[in-house]
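So you can see what is in the structure, the chains are spelled out below.
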Amino acid sequence: MVGMRVGVGSGNPVKRRAVEQALGVAAEHDSEPSLVDGLPGDPEAVAVEAVPVPSGVSEQPTGHAETVAGAENRAAAVLDAAGDEYDLGIGIEGGVARFDGADGLFLVMWAAVSDGSRVGRSAGPSLELPAAVADRIDDGEELGPVMDHVLDTNGVAKRGGAAGALTNGRVDRADALATAVAGALGPFVSDLY
């Protein structure tokens, strides 16, 4: 019996895996406490489901504000689309942004978690893009297709992502996104909020 249903606002399997990692539901053999231990209901009975919804932002979000908005829009759209079907809606959005005090363009990732009345937000790691890649993004191209071209592959976003490619596998996209999701779950698992 399912105690909690979580909808992930994307059909991308990497984003679903990131949510499963953040909640600790993917590693049943793991003895470490998981974030589901702090959520209401039976932590053994959490279902994480992909719910493809629009982000409401451009295909290549630029800047933190647009990337955060995409994550929030996805989380809200999951709950709007499914009525009372999900206890939590989770949105994850990747984008590119600049930081004051640092040169270059960075890959950024944001997550938002909503129960319909509260929203938690958090960012994952930020990685500087190589100048040649950043120039193409500045010229209006999207990061995923640019990385596919640079790597001579197809569908990098559904595997290790740009994060994996830029770090030679040291940062996996699912792991990076899971960090953002775990942070966004803060208001739902901590009494400090």
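See the structure shown above.
Just so it is clear, the structure is predicted and the values come from calculations on it, not from any experiment.

S.K.: Outline the packing of helix H3 (residues 131–138) against helix H4 (residues 143–151), listing residues and values.
M.R.: Orientation of H3 relative to H4, taken along the N-to-C sense of each, is 140°, at an axis distance of 10 Å. On the basis of their axis angle, the class for H3 and H4 is oblique. Pair H3 / H4 crosses with right-handed handedness. Residues Val133, Arg136 and Ile137 of H3 pack against Leu143, Val146, Met147, His149 and Val150 of H4. For the contact of H3 with H4, the residue count by class is 6 nonpolar, 1 polar and 1 charged.

S.K.: Which residues make up the packing of helix H1 (residues 13–23) against helix H6 (residues 173–184), and what are the values?
M.R.: Two elements in contact, H1 and H6, have axes separated by 8 Å at closest approach and are oriented at 55°. On the basis of their axis angle, the class for H1 and H6 is oblique. When you trace H1 past H6, the crossing you get is right-handed. Residue-level inspection shows Val14, Lys15, Arg17, Ala18, Val19, Gln21 and Ala22 of H1 in contact with H6, the latter providing Arg173, Ala174, Asp175, Leu177, Ala178, Val181 and Ala182. Split into classes, the residues belonging to the contact of H1 with H6 amount to 9 nonpolar, 1 polar and 4 charged.

S.K.: Describe in detail unusual backbone geometry, supporting the description with residues and values.
M.R.: The backbone phi angle of Asp152 is positive, close to 55°, even though this residue is not glycine. The residue Asp152 is located in the loop between H4 and helix H5 (161–166) in this model. If you check the backbone angles, Asn168 has positive phi at about 55° while not being a glycine. With respect to the helices and strands, the residue Asn168 is situated in the loop between H5 and H6.

Parameters and conventions
Residues numbered from 1 in each chain as written. Predicted model: local features only at pLDDT ≥ 70, side-chain atom pairs only at ≥ 80, totals over all residues. Heavy atoms only, no water. Axes fitted to C-alpha atoms, helices over the stretch in contact; angles between N-to-C directions. Helix = DSSP H or I, 4+ residues; strand = E, 2+ residues; numbered from the N terminus. Parallel < 35°, antiparallel > 145°, perpendicular 65-115°, else oblique. Left-handed = near helix turned anticlockwise from the far one by under 90°. Contact = heavy atoms within 4.5 Å. Nonpolar A, V, L, I, M, F, W, Y, C, P; charged D, E, K, R; others polar.

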